[in-house]
Amino acid sequence: MNILLTGGAGYIGSHAAVVLCAAGHNVVILDNFCNSQHSVLDRLTKIVGKPMPCIEGDIRDTLLLEKVLKDYKIETVMHFAGLKAVGESVQNPLDYFDNNVGGTISLLHAMRSNNVKSMVFSSSATVYGMPNYLPLDEAHPTQAKNPYGRSKLHIEEILTDLAASDPAWHISFLRYFNPVGAHESGLIGEDPNGIPNNLVPYIAQVALGRLPHLNVYGDDYPTADGSGVRDYIHVMDLAEGHLAALNYIQQQPGVCVFNLGSGKGSSVFEVVKVFENENASSIPLKVTMRRIGDVSECYAKVDKANIHLNWKATRTLQDMCRSTWNFQKNHKCANQ
Ligand code: NAD
Ligand code: UFG
């Protein structure tokens, strides 16, 4: 199929591009590079063995999207493009609604007028808000805790209304838990600008010596070792989940929702230990106050994706930590 990846130069989109190309699909990337680097395109070429068309542009530019959909005879869209920093969304909510919600509406207009009515959308476990029970299944009530989460929920609602208005739409929301790790080549991975917000990229920066220690946000949660528990999923498993969802929606009109996680919770201390063991490094720690808005535990029930998508995460936390470090080391050298 001819597939447009909005935000395909970013962390998750670039890994999905590799998996989709390996499965024989034609991938076209559209990205405005507000949170990615142009050099990712050369690195993708090295991995897949041929260049991938990439259009530098913004999803809010409906006319450009219409042209791209026509020129490349796009049949389906994977919609990764979006802003994703929770703290920034609290400071600049309008930017988040404009980019994420406005951008999606612009994309949907272009898709509808070109009769492209199939989409896999990058949603997030953040739409569950504070867990009422664990593991979180797709029927858990949704609730936004911040403008970023609200933008994801608004998009889910818009897509649901759209599919209800026209049975020709085939849409899947993929609610990601905590994606980490990198492609085994070490050529692509997560490389956030500035000081990382997320645990594993932060640990990698400490291991590189760029940051002095990891702040552990609380060791007094009601968890086995007192630190926060999350469901980490290898980005390559996540990318394979996109291929499975793409195949599924071909036969499935309307909207379907899937959690993509490992189904297993790991604590901050466990992640640090595994990272240290895998990479023979030592990560200095300081236990600090809890981070505002954090929940003690969050992990997925993944039965629905297992059954309907015939997909499950197979890579371990060891694989996630090893591949993260492999990418960071390579990338550090590449940037020197
Ligand atoms: P990322 O920032 O690495 O990738 C997003 C890409 O979209 C970037 O390359 C960015 O330049 C591009 N982009 C942003 N706004 C754009 C616009 N208006 N027009 C064109 N391109 C634009 O983020 P990621 O981690 O790869 O996340 C991809 C998607 O998955 C996002 O929608 C994010 O909200 C969602 N998600 C991510 C996580 C996570 O932990 N990484 C968790 C849940 C959901
Ligand atoms: N943590 C630390 N120190 C750090 C960073 C994180 O102790 O420097 C802890 C957190 O308190 C939490 C765990 O590590 O217990 C994971 O934190 P992350 O920031 O890596 O991930 P979150 O689960 O808080 O949030 C991520 C994304 C959200 C998304 C959510 C669910 O950042 O956007 O996963 O998908 F909504």
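See the structure above.
Residues numbered from 1 in each chain as written. Chains lettered and ligands numbered in written order. Predicted model: local features only at pLDDT ≥ 70, side-chain atom pairs only at ≥ 80, totals over all residues. Heavy atoms only, no water.

Details of the site of ligand 2
Taken together, 22 residues are adjacent to ligand 2, and Asn-198, Asn-215, Arg-230, Arg-291 and Asp-294 come closest. Leu-199 is positioned such that a nitrogen or oxygen atom in its backbone is 2.8 Å from an oxygen atom of ligand 2. Take Asn-215: an N or O atom from its main chain is 2.7 Å from a nitrogen atom of ligand 2. Relative to its unbound accessible area of 680 Å², ligand 2 is 88% covered by the protein chains. Breaking the shell around ligand 2 down by element, the ones donating at least two residues are α7 (199-208) and β8 (214-217). Here the residues of the shell around ligand 2 are counted per class, giving 12 nonpolar, seven polar and three charged. (Near = heavy atom within 4 Å. Polar contact = N/O pair within 3.5 Å; in protein donor to acceptor, adjacent residues only side chain to side chain. Areas by Shrake-Rupley, 256 points an atom, 1.4 Å probe, with all protein chains shown as cover. Helix = DSSP H or I, 4+ residues; strand = E, 2+ residues; numbered from the N terminus. Nonpolar A, V, L, I, M, F, W, Y, C, P; charged D, E, K, R; others polar.)

A word on the packing of aromatic side chains
Scanning the entire structure with this criterion turns up four aromatic pairs. With a centroid separation of 6.4 Å and 85 degrees between ring planes, the pair formed by Phe-121 and Phe-173 is classed as edge-to-face. Of this pair, Phe-121 sits in strand β5 (residues 118-124) while Phe-173 sits in strand β6 (residues 170-176), and the two are 52 residues apart along the sequence. Accessibility classification places Phe-121 together with Phe-173 in one group, the buried group. It is Arg-290 that lies over the ring of Tyr-221; its NZ or CZ is 4.1 Å from the centre. Cation over ring: Lys-304 sits above Phe-258, and NZ or CZ is 5.2 Å from the ring centre. (Phe/Tyr/Trp six-rings, centres within 6.5 Å; stacked < 30°, edge-to-face > 60°. Buried < 20%, exposed > 50% of the residue type's maximum accessible area, 1.4 Å probe, protein only. Lys NZ or Arg CZ within 6 Å of the ring centre and 35° of its normal.)

Side note on the pattern of salt bridges
Under the defined criterion, the tally for this structure stands at 15 salt bridges. As a salt-bridge pair, Arg-315 and Glu-240 come within 2.9 Å of each other at their nearest N and O atoms. Within this pair, whereas Arg-315 is found in the loop between α10 (303-309) and α11 (317-335), its partner Glu-240 is found in helix α8 (residues 235-250), the two being separated by 75 residues in sequence. Accessibility expressed as a relative area gives 25% for Arg-315, which makes it partly exposed. Of the residues examined, Glu-240 reaches a relative accessible area of 29% and is grouped as partly exposed. The partner of Arg-322 in a salt bridge is Glu-278, and the shortest N-O contact between them spans 2.8 Å. Taken together, the residues Arg-322 in helix α11 and Glu-278 in helix α9 (residues 268-279) connect sequence positions 44 residues apart. Given a relative accessible area of 27%, Glu-278 falls into the partly exposed group. (Salt bridge = Lys/Arg side-chain N within 4 Å of Asp/Glu carboxyl O.)

So, the sheet that holds strand β12 (residues 266-267)
With respect to topology, three strands assemble into an open sheet ordered β12-β9-β14, the strand pairing being mixed. In the strand order of this sheet, the two ends are held by β12 and β14 (297-298), each with one partner. Bridging between strand β9 (residues 229-230) and β14 involves two bridges; their strand directions are parallel. Its bridge partner lying in β14, Val-229 is registered against Glu-297. (Pairing = 2+ DSSP bridges.)

Looking at the nonpolar core
Judged by nonpolar contacts, the single largest core of 40 residues is most densely connected at Leu-5, Leu-20, Val-27, Met-78 and Leu-309. Counting residues per element, the ones that place at least two in this core are β1 (2-6), α1 (11-22), β2 (26-31), α2 (39-48), β6, α8, β11 (254-260) and α10. Counting residues per element, this core draws most heavily on α8, which supplies 10 residues. Excluding anything up to four places from it in sequence, Leu-309 contacts Gly-241, Ala-244, Ala-245, Tyr-248, Phe-258 and Lys-304. Of all hydrophobic cores here, the second largest spans 27 residues; its members include Phe-121, Leu-159, Leu-162 and Phe-173. (Core = buried A, V, L, I, M, F, W, Y, C linked by side-chain atoms within 4.5 Å. Contact = heavy atoms within 4.5 Å.)

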